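Remarks on the overall topology
Residue-level listing of the chains:
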Amino acid sequence: MPRSRVAVLRTGPATVLSDYRRLMHLAGYRDVLDPATPLLVKLNLSWTKYFPACSSQPWQLEGVLQTLADDGYSPSRIFPVENKTVVTEPWAGARNNRWLPVIRRFGLEFLPLTEVEWIVYRFQSPLLRLNQIFPEGIEIPAIYPGKNILHLPTVKTHGHSTTTGSIKNSFGGLLKEVRHYAHKYIHEVLVDLVMMQKELHPAVFTVMDGTVAGDGAGPRTLEPVVKDYLLAAADSVAIDAVAARMMGFDPMGIPYLRMCHDRGLGTADPGQIEIVGESVEGVDFGFRAKRSLVIWGDQMLRLGPLRFLEKIALHSPLMVWAPLASNLYHDCLWYPTVGRAKIGRFRRTKWGRFLDERYGGGP
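Here the residue numbers are simple positions, counted from 1 along each chain's written sequence. In keeping with the predicted nature of the model, local features appear solely for residues at pLDDT of at least 70, side-chain atom pairs appear and are counted solely at 80 or more, and the whole-chain, interface and lining totals rest on all residues. Heavy atoms from the whole structure form the basis of all side-chain values; hydrogens and water molecules are not counted.

1. Things to note about the environment of V8
What counts, and what does not: Secondary structure counts use DSSP, requiring at least four H or I residues in a row for a helix and at least two E residues in a row for a strand, with both numbered from the N terminus. Residue contacts are defined here by distance: any two heavy atoms, one from each residue, within 4.5 Å place the two residues in contact.
Within the secondary structure layout, V8 lies in strand β1 (residues 4–10). Sequence-wise, V8 and Y229 are 221 residues apart; in three dimensions their C-alpha atoms are separated by 7.0 Å. Residues in contact with V8, not counting those within four places in the same chain, are L23, Y229, L230, L231, V242, M246, I275, V276, G277, E278 and V280.

Here it is in structure tokens:
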């Protein structure tokens, strides 16, 4: 059986857009994504506000769309999409993260998944958890079945799942706002998402940005760290495993990656993955996954000593307090203080200057 291939490149602001093209070709994307099949470009919006390493970078989006355009992919078959959560709003996020001008430059329209029809889809795969979490049926966007999908995650840690990447990015597209119910069983749910995508999409491809990677209490309250890496692959498990290894984690020790590997859904064992482009031998960012105050509280209610309050706090009309508390903490407390200081330091880096010069200033 051929080994999974992950392309890795070093980059910098002067060459990043052309490097994305070289990366995608190294990973063999044209052998995976048929230009005749409509393509969903699934962005990653972890925060409505811009915060480095948190959401898809504008140069990541531009590099990918430029490559597709150069290689003859019709704009009429490309659909940039993203969903909302209880704490994010897609249109505001697309503006703040500088996606909209890039999308429009290529003759495309941003398509929030809040504005499309959702249908109940009966999956044939033996899902581990989602059928139990949503016994009335799993709703997915009606536009998903039959289309290819290209994920645009970033390299970062996550307080629930240790790392987040290609697989976790599908979480935001395949499940509605109530997907926070899945946090209690996050690793099994991520395995479910891999199986679901294999049913829905003829092909899945991922282009991951690690120019600025996120350490610590992800996916939002991160420490942005300049790393200058790009990754791409057709195997979502393999690219997440390589990114995890580069961050300093044992991929086979992360439950969702190990479960996917053991079920033959992808390759998580670094020894079975072919790296093309830049060697990652000895690369270790030394990252550590931490929990933000909000994720810590969520886990206390779902899995910890406060779980006797889970139903009334998170599965009743009182649930409105949770997104309100999260928004107050993240947007009104952390971002204007700790976050703004981190952004200030980032803006003095080469990537911060590139952001301002090419995509415009702002918070």
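2. Overview of the side chain of H187
One can find H187 in helix α7 (residues 186–200). If we skip the residues at most four places from it in the chain, H187 touches H160, S161, I254, P255, Y256 and M259.

3. Observations concerning the packing of aromatic side chains
Applied cut-off: Stacked, edge-to-face and tilted are the three classes for Phe, Tyr and Trp ring pairs, Trp counted by its six-membered ring, which pair at centre distances within 6.5 Å; planes under 30 degrees apart are stacked, over 60 edge-to-face, the rest tilted. Either the NZ atom of lysine or the CZ atom of arginine qualifies as a charge over a ring when it sits within 6 Å of the ring centre and within 35 degrees of the ring normal.
Counted according to the given criterion, the structure contains 17 aromatic pairs. Taken together, the ring pairs in this structure connect W47, F51, W334 and Y335 into an aromatic cluster. Just above the ring of Y185 sits the side chain of R129; from NZ or CZ to the centre is 3.9 Å. Lying over the aromatic face of F79, K147 brings its terminal NZ or CZ to 5.8 Å of the ring centre.

4. Details of the pairing of strand β7 (residues 148–151)
Here is the rule we go by: Between buried and exposed lies partly exposed: a residue is buried under 20% and exposed over 50% of the maximum accessible area for its type, with that area taken using a 1.4 Å probe on protein chains only. Strands pair, by our definition, only if DSSP identifies at least two bridges between them.
Across the two faces of β7 the burial is the same, with N148 and L150 and I149 and H151 all buried. As defined by bridge partners, strand β2 (residues 39–42) adjoins β7 across 4 bridges and the pair is classed as parallel. For L39, the partnering residue across the bridge sits in β7 and is N148. As paired elements, β7 and strand β10 (residues 204–217) share 3 bridges and run parallel to each other. Looking at β10, one finds that I149 is bridged to V204.

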